[in-house]
Amino acid sequence: MNLRRQLFINGEFTDALSGETLPTLNPHDNSVIAEVALAGREDVDRAVAAARKAFPAWSRMAAADRGRILLRLADLIEANAEELARLESLDTGHPLRDARKLDVPRTAGCFRYFGGMADKFQGETIPVEEGFLNYTLREPVGVVGQVVPWNFPLMFTSWKMAPALAAGNCVVLKPAEITPLTTLKIAELMAQAGLPPGVVNIVPGLGSVAGQAIAEHPGIAKIAFTGSTATGRRIVQASAGNLKKVQLELGGKGPNIVFEDAKLTAAVNGAAWAIFHNQGQACIAGSRLLLHEAVADAFLEKFIALAQSIRLGNPLDESTEMGPLTSLEHQRRVLAYVETARAEGGDVLAGGMAPAAPELAKGCYVVPTIVRAKTPNDRVAQEEVFGPFVTVLTFRDDAEALRLANGTDYGLGSGLWTADLQRAHRFARDLQAGMVWINSYKRVNPGSPFGGTGLSGYGREMGFDAMREYTQVKSVWVNV
Ligand code: TAP
């Protein structure tokens with residue numbers, strides 16, 4: 001593979017001014033894939049200067065022409081699909097078959113959706129008093145800083161950049177230090193698609209250095225962040241200097257509720273997808289399984305058997321269903337929650353360890369883990385574990401189910417399985433969450449708003465809402 005290992009600033013790949021690099025590792029065996037340039041504050045300054053210079057021409061370009069570049073990029077992503085899928089799998093541990101089937105097509109689909117959106121997002125005329133015409137302009141906010149995590153680097157690159165660019169903003173994006181490779185490949189494809197120099201700048205680097213520099217930078221008008229709630233708080237504080245517009249997509253502890261009238265097989269399969277896809281490293285994972293006590297035993301028997309049948313292995317292996325977590329540090333963190341569960345009096349019903357297979361011993365693997373918590377207030381029922389680790393609680397009636405579901409400070413994804421239409425809509429209304437999936441879980445689409453409430457953050461990605469986030473309204477009065 002032709003790996004890109006440098007920063008991408010002003011349309012060119014370039015070393016960090018300090019000359020520093022950081023190795024990015026293959027989580028299957030922790031071997032070094034590549035040394036990647038590590039951006040410092042002065043590199044973020046260079047990137048912001050390039051973006052500011054590019055902004056006037058990019059923001060005034062005909063919206064359809066901006067859109068056409070994003071549509072070309074979507075085609076190029078599809079033309080390079082296999083390389084992107086392999087690279088994502090190598091750098092993150094996503095099973096190759098998932099990267100091929102989900103990550104790459106969703107990335108292309110997101111750029112295509114917003115490419116088409118560029119010339120369809122418009123202002124309004126407002127009926128005001130006689131003698132005046134009042135209309136609104138939707139203007140880009142300027143240079144946008146974007147900081148993304150390591151769990152879906154390719155997809156999140158598109159979720160962040162596509163609406164920002166369609167709306168006419170310029171971008172400085174920092175991928176996570178441990179997964180920079182596919183984002184840099186996208187930068188290469190952007191140049192091929194005809195994106196003018198400076199419109200997008202990619203600065204792989206440490207969160208505490210490059211990320212912090214983006215959050216503090218006076219030349220950046222808005223910051224969009226996906227990651228942990230703790231870092232989200234830091235970003236809000238660092239952004240206060242120039243009163244940046246802030247958009248936060250943070251953690252979750254998604255409740256997945258199975259009622260007594262649910263179709264059991266569908267609920268079991270859906271619950272496994274909700275927590276085990278991408279090794280549970282998803283902010284919208286269904287990580288709290290709330291089971292009606294009448295069906296809990298039957299559900300758990302099937303669910304445990306399914307979890308134990310999942311094939312762990314090298315993500316590049318075509319038959320692998322679950323790969324490693326993305327870093328050793330994270331594997332340790334997830335396994336530490338197993339100890340927490342035991343210390344809190346919880347029951348480990350399945351997994352709770354690294355796999356015994358010698359060929360996986362050097363990797364960051366964790367066996368699918370199911371824990372029955374003692375109380376809803378236990379740490380394992382409240383804190384985001386972000387791994388293949390699901391916490392089970394049971395309930396007696398709808399009121400208790402709702403109390404449990406809403407019983408954390410998060411509010412991102414949520415799901416419920418029932419045959420009762422009225423109950424389904426009642427819960428959709430009452431759940432404290434940005435997204436509710438009824439008889440399904442974890443559906444996403446570039447047209448459907450994505451985001452949370454409470455400690456899960458604010459602002460929405462995708463759809464028309466994303467275009468609103470990346471624009472500001474100007475009201476124009478004409479004396480007629
Ligand atoms: P975070 O620290 O939140 O990392 C996310 C991104 O923020 C990375 O690019 C990180 O940089 C950057 N960052 C870190 N400190 C920063 C700062 N002071 N200013 C600006 N940017 C900064 O997450 P993590 O440590 O990788 O993971 C910890 C936990 O967060 C996970 O276990 C999980 O619970 C949660 N998490 C949630 C999500 C989603 S999708 N909601 C995604 C990832 C993690 P570097 O990492 O490159 O240094």
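Residues numbered from 1 in each chain as written. Predicted model: local features only at pLDDT ≥ 70, side-chain atom pairs only at ≥ 80, totals over all residues. Heavy atoms only, no water.

## Description of unusual backbone geometry
Selection criterion: Runs of E in the DSSP output that reach at least two residues are strands. Runs of H or I that reach at least four are helices, and both are numbered from the N terminus. Relative accessible area decides the class of each residue, using a 1.4 Å probe on protein chains only: under 20% of the type maximum gives buried, over 50% gives exposed, and in between gives partly exposed.
With a phi close to 50 degrees, leucine 243 is a non-glycine residue in the positive phi region. Take leucine 243: it is sitting in the loop between helix H8 (229-238) and strand E11 (245-249). Of note, the phi angle at methionine 462 is positive, near 75 degrees, even though the residue is not glycine. Residue placement: methionine 462 occurs in the loop between strand E19 (457-458) and helix H15 (463-469). The exposure class of methionine 462 is buried, given its relative accessible area of 3%.

## As for the site of the ligand
Here is the rule we go by: It suffices for a single heavy atom of a residue to lie within 4 Å of a molecule or strand for the residue to be listed as near it. Nitrogen and oxygen atoms within 3.5 Å of one another constitute a polar contact, given that in protein one can donate a hydrogen and the other can accept it, and given that sequence-neighbouring residues count only through two side-chain atoms. Exposure was quantified through the Shrake-Rupley algorithm and a 1.4 Å probe, taking into account, for residues, occlusion by the shown protein chains and nothing else. Cavities and pockets are defined on a 1 Å grid built over the protein atoms alone: a cavity is a set of grid points where a 1.4 Å probe fits but cannot escape, while a pocket is an open set with protein on both sides within 12 Å along at least five of seven lines, and lining residues are those with an atom within 4 Å of any such point. By definition, a pocket or cavity contains a molecule when more than half of the molecule's atoms lie within 2 Å of the pocket's grid points. Any residue outside Ala, Val, Leu, Ile, Met, Phe, Trp, Tyr, Cys, Pro, Asp, Glu, Lys and Arg is labelled polar, Gly included; the first ten of those are nonpolar and the last four are charged.
Among the 28 residues in the neighbourhood of the ligand, the closest are listed as Trp150, Glu177, Gly207, Ser228 and Arg333. Residue valine 148 places a main-chain N or O atom 2.9 Å away from an oxygen atom belonging to the ligand. Contact between the ligand and glutamine 212: a nitrogen atom at 2.9 Å from a side-chain N or O atom of the residue. Starting from 870 Å² of accessible surface for the ligand in isolation, the protein chains cover 87%. The pocket occupied by the ligand, as judged from atoms lying within 2 Å of grid points, is the largest pocket. Counted by class, the shell around the ligand contains 12 nonpolar, 11 polar and 5 charged residues.

## Thoughts on the sheet that holds strand E12 (residues 255-258)
Hydrogen bonds between backbone groups are what pair the strands of a sheet, and the pairing can be parallel or antiparallel. For the record, the criterion: Each pair of strands is called paired provided DSSP finds at least two bridges between the two strands. Angular values range over 0 to 180 degrees, each being the angle between N-to-C directions of two axes fitted as lines to C-alpha atoms, with helices fitted over their stretch in contact. By the convention used here, residues are in contact when the closest approach between their heavy atoms is within 4.5 Å.
Pairing is mixed in the open sheet, where 7 strands are placed in the order E14-E15-E16-E13-E12-E17-E18. The sheet is open, and its two borders are formed by strand E14 (347-350) and strand E18 (435-438), each paired with just one other strand. Looking at each pair of strands side by side, their axes are set apart by 25 degrees on average, direction ignored. With 4 bridges joining them, strand E17 (residues 413-417) and E18 adopt parallel strand pairing. Bridge pairing in E18 places leucine 416 opposite isoleucine 438. Across the sheet, helix H10 (residues 296-309) touches E12, strand E13 (288-292), E14, strand E15 (369-372) and strand E16 (389-395), and the angle it forms with E13 is around 145 degrees. Contacts from helix H14 (residues 421-430) reach E12, E17 and E18, with the element oriented near 165 degrees to E18.

## Thoughts on the packing of helix H9 (residues 264-276) against H10
This is how it is decided: The cut-offs work like this: below 35 degrees is roughly parallel, past 145 is roughly antiparallel, 65 to 115 is roughly perpendicular, and the gaps in between are oblique. Helix crossings fall into two classes, left-handed where the near helix is turned counterclockwise from the far one by less than a right angle and right-handed where it is turned clockwise.
Between H9 and H10, the shortest axis-to-axis distance is 10 Å and the interhelical angle comes to 50 degrees. The angle between H9 and H10 falls in the class oblique. Relative to H10, H9 is oriented so that their crossing is right-handed. Residues Leu264, Thr265, Ala267, Val268, Asn269, Ala271, Ala272, Ile275 and Phe276 of H9 touch H10, and the partners they reach there are Ala298, Phe299, Lys302, Phe303, Leu306 and Ala307.

## Remarks on the sheet that holds strand E5 (residues 125-126)
Read across the sheet, 3 strands follow the order E5-E6-E20 without closing on themselves; strand pairing throughout is antiparallel. Of all the strands in the sheet, just E5 and strand E20 (471-479) have a single pairing partner and so form its edges.

## Re the UniProt feature "domain: Aldehyde dehydrogenase" (unreviewed entry) in the chain
The line we're drawing: UniProt positions are given in the numbering used here, feature names are shortened, and annotations may be inferred rather than shown by experiment.
When the UniProt feature table is mapped onto this chain, "domain: Aldehyde dehydrogenase" (unreviewed entry) is found at residues 17-476. Annotation note: span residues 17-476, helix share 41%, strand share 19%, distance between end C-alpha atoms 44 Å.

## Some remarks on empty space enclosed by the protein
The criterion, for reference: Grid points are joined across faces, edges and corners, and a volume is the space filled by probe spheres set on the points.
Scanning the model with the defined rule gives 4 cavities of 30 Å³ or more in all. Roughly 120 Å³ of volume is contained in the largest cavity. Around the largest cavity, the lining comprises 14 residues; the ones closest to its centre are Arg106, Phe152, Met155, Ile284 and Lys442. For the lining of the largest cavity, the element with the most residues is helix H5 (residues 153-166), which contributes 3 residues. Considered class by class, the residues forming the lining of the largest cavity number 10 nonpolar, 2 polar and 2 charged. Residue lining of the second largest cavity: 15 residues in total, with Pro255, Tyr410, Gly411, Leu412 and Gln432 positioned closest to the centre.

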